[in-house]
Every structure is written in C-alpha cells, then in structure tokens.
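One-letter residues, chain by chain:
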Amino acid sequence: MWRLSVRSVRHYWALFAGTFIALALGVALVGVSAAALAATWNVPRPSGSHPSITLTDGEGAHHTLTTGAPDMGGIQTVLVLAAVVSAFVTVFVIAGTGAFGIALRRRDMGLLRLIGAGGPQVRRMVIGESVAVAVPATLVGCAVAAAATPMAVSGLNGTGLSPVDMRAGSLGGPLSFAAVCGFVIAVLGALAASRQASRTGPLEALREADLDSRTMTVGRGATGALLLVIGAVMLLLTPNAGAEAATPLALFGPMALTSAAALLGPAYLPSLVRLSTAWLKRTRSVPGLLAVEAVSTSRRRTASLVGPVLAIVAIVGTFASVMATTGATVRADDRQRTLGQLVVEPLTPGRGLSQEVLTGLRERPGVRAVSAPAPMDVAVAGPYSVWDDDAAVVDVPGLALTHRITAPEGSARALAPGTVAVSKEFSDWYGVHAGDRLTYGRFGGDPVTAEVTAVLDGGSAVPHLVLAPGTSGASAPERATVLLDEEHGGRGAVGATAARLNGELRAAGVKVTPTEEWFGASTSDQDRLNHLVLLVLVGPASVYALIAVAGTLVMSYSRRGREIAGMRMVGVGEDQLLRMAVWETVTTTLAGAGIAAAVITLGLWAYRGAMKAAYGTVDVSVPWAVLAGLVVACLAVAVAVAVSATRRLAGQGALAMLNTRE
C-alpha cells in the first residue's frame, strides 16, 4: 500500500499541499519555541562568589540557595505559553485538514472498497499518505526553525523581556523534539482519519455529493461532547478557584470549548448559518442564495472552513483578554488602595532613596505620613522545600496610612524585633497563619526564626514577607508614597504641593509626582510590556493560522470543479460566482469569529468571578483592536483565495464537467 499512498499524494497534491504547509510551519513554530526556551536554560551564571544561605526544611533536609543568578522565570513562562498556543493550533489545524481531506475523497475510498480493498488496507494507505507528507514537511519545518531561531532569540533580547541577553545554543535537541512532535501529530491525525476512511462502504462510489453523509461519526461526537463537558467544568470551577489557580482554568477551559465547538460543528453550524443569513435570503440575490445553500448543505466543508478562524480568534482572544484583565485589575486594585497623593522616586533609576531624604520628606510642611518599604531578597524554609522570595522592611503603621491595608489575622501594628507579617497571598499559597513560626534568612546572613504576628491584605503594596524596622541587609527603598494633610492634599492643591517639593528636593536627586500621573505613566509602561508579551505569545501562531485558512480553502476548491462548472451550465455568470464565493467566505469567517467571541465571553465571565473574589475591584480588558484586526486579516486572506480559486475554476467553462479528474 505504500506505493499507492505515494501515488495518491502525487495525484491529489492540492489536497495534501495544505497539510504539508501546515505541518511544516507547525514544526517550525514548535522548534523555534523549544530552541528559545533552551536558550534561557543555557544562560551562564555570574562568575565569582555570591552570597548564599543554607536553610533546613520541615523534613530536616538542608538546602543551599545562592543569589546573583538572573531570574529567567518570566521569559520562560511566556515561551512555554507560546509553545502551548503553537502546539494547540498545529494539532487543531492538522486534525481538521486530515479529516477534511478524507471527507473530500469519500467516493475514491468507495471505489477502492468496490474493487476489493479491505478496511485495514485503506487504513494503511491513509497512514502511508500521512507519512509520505510528514517526512518532508518535518525536514522543511526543522530547516525553517534552524534559520529562524537566531533571529527569534535576537528579537527576544530586543524586547527587554529577558533580564540578560540570550544566545541560541545547540539546536539538535530542540529540533529533534519538534520533529518528533510533528511526526506524532501527523500520524495520530492520520489514525483518526483512517478509521473514518476504513468505514467507507462501496456504495459511496455511486454518490455525487462528497460531503453530505456521515458528517458526525460516533468518535467525533463523543470526543466533542467530552471536551464540552471538560471545558464547562473548568469554567464553573474558575470563580471559586482563587486568583492563582483561576488563570490556568480560564486559559485551558476555553481551549477545550474551542475544540468541542470545532468537532461538533457539522451538527450545529448549518442551522446557525441559516439563522444568521436569513436576511440574505430575503434579498433574493442569486449569489447570496447560492452561498447560503452551499454553506448549509456542505456541512463538513463549512465546519472545516470555520475551524481555523474559530481556533486562532478564540485562543488569541482568551490569552490576550486574560492577560490584559489581570494587569488592568492589579493596577486598578493598586490605585484603589493607594491613599497617598504623591509618589517620590530617585531621578536616577536603581539608585534608591536614602534615609536622609526620607527623614527630610517627613519633616516637610503638609506631609502627614510617608511609607517606603526597603526591599530584601530572602530565602524561606517551608515544610517540604526552601525557596527565594520577596521581603521588605516596612513601617506597618505608616503603610496603613498611605494605603488601604486590612488584617484578616492579627492587626496592622508596628512589628517588634523577632516578629514578621506575611501577605494574604503568601498565606493562601503556603498555609502560613498568625501564630506560626517561620524560618527565613537573607543571602549572606544566618537563618532567623520569627513569629508571624499578622496576615496583611493590601495587594501589591504588601510584600510577601514583612520585616520589622531595623532589620539589617535591606536595600534602599525604590520609591515612597506620601500622604498629605487636608490643607495640602485637597483638590487643586496636590499639584502645587508636588511642584514645591520638587523644587525643595531636586538637589537631593529625587522627583515628586502626583499619584494619578504616576499611575498613568506606569500603565503606559505596563501596556507596552503586555503588547510585547502578546506578540511573542500569539504573533507567530496568528500568521500560521492565516496560512492554514488559505490552505483549507485551497483544499476545498480543489474538489469544486464540477460544482462550479454545473452552475455555469445553468446560466450562473462569472460575476455571480465570484460574489457567491465572497458571501461564502464572509459567512464562514464571521461564524467562526462569532463562536470564538462566545467562547471568550464565557472564559472572561468565569475569570472575572475569580478576580472579584481576590481583588477589591475588577477591570475587564479586551484587546478589541487586536481581535478586530485578526478577523479582518482572516477575512482578507480567505476572500483573496476564494476569489482567485473561483475565477480559475469558472474560466474552465463547461468542459470541466467532462473532466473526471478534479
């Protein structure tokens, strides 16, 4: 059957071209993501001696932690998510194109069964076709990844997402991983499609309609229903899962719903399309009526054309909206909790505020309170492990004046030597409560065991570990928040007070900014960072999805020669055919975008519940411009391919009816 598989790929090259391109690009995406992730692991540790500390966990095991190594956790998380998005879209597209290709060849499968081919032989032929496409596609994808990796790593260095410059290392491991992933995806997709092909009966050779029978197999329906249940359960659990656990649930729940919507598409899309295009029927337009009937009756083709648009818009929308909502909610919560009217920072970034500056600031007329946490990197010992964490030396009463701070356990009073407080987030993560004993230590120092006297809830204003004033080893405060009295902090007086303090303190190397202005500048910087992360996460996958949309359309029109020629024979003009193709494309693209919008809405609804429980205020943010641009790009690519293919087929005239090769 191998020889037959190779001949089949050569004969139906237009059908397999889409799968080849999709698989090659998918392998390239996974390869580049894996190579970039490997570059983060290969970042050299700083040379020389660096402060360390040895702590003992609750089971008696000793752990030594050393400071000085760059924190690559942020960029690693982004790259892992990018690889997940790329892999999901690749699996989605490959599975869809494989099933669509088999559906387009049902009569061919029926002919094989009619001349005596058994089900196992048909399955081996389909798997052989997949291998014949997968091997060269994987090699091409690896070659593209090898060429693109240096540029991708250099581009990541330019974004500032990595704390140090990365260098691409050996590509053998990442490319091998990508090649195996691509080959496995292709073969697994072929296995699923081969089951459908092996069940094709000999009578299928006599059917004229390729796509209207057996659109919903038992396996397809069962898998779709299972994914629908999984996605629904994940979203139902999200509101009560807590901020930390809600994020993966809000990301992967919509992914399951997206897969379910694509698998179950042939069952509900015809009715949905008819309902959404009812207005088009009332126009009595011939191209419009033909388009409605085409997308309503060819259920598998419609589902295959909707699939890529649904996948990329839903995934991009979900990831971008969850990320934007998280950032906007944290910023809104910080702003809502900040009572101080001024923010004081050093003119030179990274310099810190000296104690002389802070003392002078507290003595200025109109200043009621100043809070300036002094950060410190510490290691913390838990019951089973030791980890490094963020701490700060904090004047708790001062912080409680400049920010809205509550104490779910204990009280927001000054800390005595030998005591600490923890944030509510730290308490929820590690199960530490007031009255517990906590062992920690700064790098280069000795372990300290202190009593936890309070759990403080103040958002990002409260560090994970709050240390008592006088604790040695802290860095200079990065900024200070100033609360003014009623005379100097009233409406209209804040700006004048900030200008006065700027004039008085400029010689000390600091600047004073009204809180509203400071948060506005901080929001702009965070938005820029979010856009960079979004570009890394979904930029390559979006380009890949656009190519997949074009490939699926090419596959579809490669088998529509008889249909187009038949319309020409009954008097449908070329202009009408072109308008029909445009209406078909618009209908399927908007259907995919509409279903994706419903999935995004469900995910954000669930995630909003989790954010509302964790923060005092919730700011739901959706990147409408990004999503609208993506839908327009999908529509433009689809229309261009559909019009080009229709014009080519219409130009063949009625002679195409006599051509048995499509």
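Placed above this text is the structure.
Residues numbered from 1 in each chain as written. Predicted model: local features only at pLDDT ≥ 70, side-chain atom pairs only at ≥ 80, totals over all residues. Heavy atoms only, no water.

1. Topic: the packing of helix α11 (residues 286–297) against helix α12 (residues 299–337)
Then, in step 1: Look at α11 against α12: their axes get within 5 Å of each other, and the N-to-C directions meet at 95°. By the angle between their directions, the pair α11 and α12 is classed as roughly perpendicular. Along its contact with α11, which presents Ala294, Val295, Ser296 and Thr297, the element α12 presents Arg299, Arg301 and Thr302.
Then, in step 2: Its residues assigned to classes, the contact of α11 with α12 shows two nonpolar, three polar and two charged. (Axes fitted to C-alpha atoms, helices over the stretch in contact; angles between N-to-C directions. Helix = DSSP H or I, 4+ residues; strand = E, 2+ residues; numbered from the N terminus. Parallel < 35°, antiparallel > 145°, perpendicular 65-115°, else oblique. Contact = heavy atoms within 4.5 Å. Nonpolar A, V, L, I, M, F, W, Y, C, P; charged D, E, K, R; others polar.)

2. Some thoughts on the pattern of salt bridges
Oppositely charged side chains can form a pair if their charged atoms are brought close together.
Then, in step 1: All chains considered together, the criterion is met by six salt bridges.
Then, in step 2: Residue Asp457 is joined to Arg337 by a salt bridge in which the shortest nitrogen-to-oxygen separation is 3.4 Å. Of the two residues, Asp457 is situated in strand β10 (residues 448–457) and Arg337 in helix α12; the sequence distance between them amounts to 120 residues.
Then, in step 3: Arg337 sits in the buried class, given a relative accessible area of 10%.
Then, in step 4: Ionic contacts of the salt-bridge type, sharing partners, join the residues Asp333, Arg337 and Asp457 into one network. (Salt bridge = Lys/Arg side-chain N within 4 Å of Asp/Glu carboxyl O. Buried < 20%, exposed > 50% of the residue type's maximum accessible area, 1.4 Å probe, protein only.)

3. Comments concerning the environment of Arg608
Then, in step 1: You can see Arg608 is positioned in helix α20 (residues 574–614).
Then, in step 2: With a relative accessible area of 38%, Arg608 lands in the partly exposed category.
Then, in step 3: Considering only alpha carbons, one finds Arg608 and Thr329, 279 residues apart in sequence, at a separation of 9.5 Å.
Then, in step 4: If we skip the residues at most four places from it in the chain, Arg608 touches Val618 and Val620.

4. Focus: helix α19 (residues 561–569)
Then, in step 1: Residues Gly561, Ile564, Ala565 and Met567 constitute the buried set of α19. Around the axis of α19, the buried residues are gathered within 155° of arc, so they sit on the same side.
Then, in step 2: Directly beyond the C-terminal end of α19, a positive phi value near 105° is found at Gly571. (Arc of directions from axis to C-beta.)

Bear in mind that shape data such as this cannot, by itself, settle questions of function.
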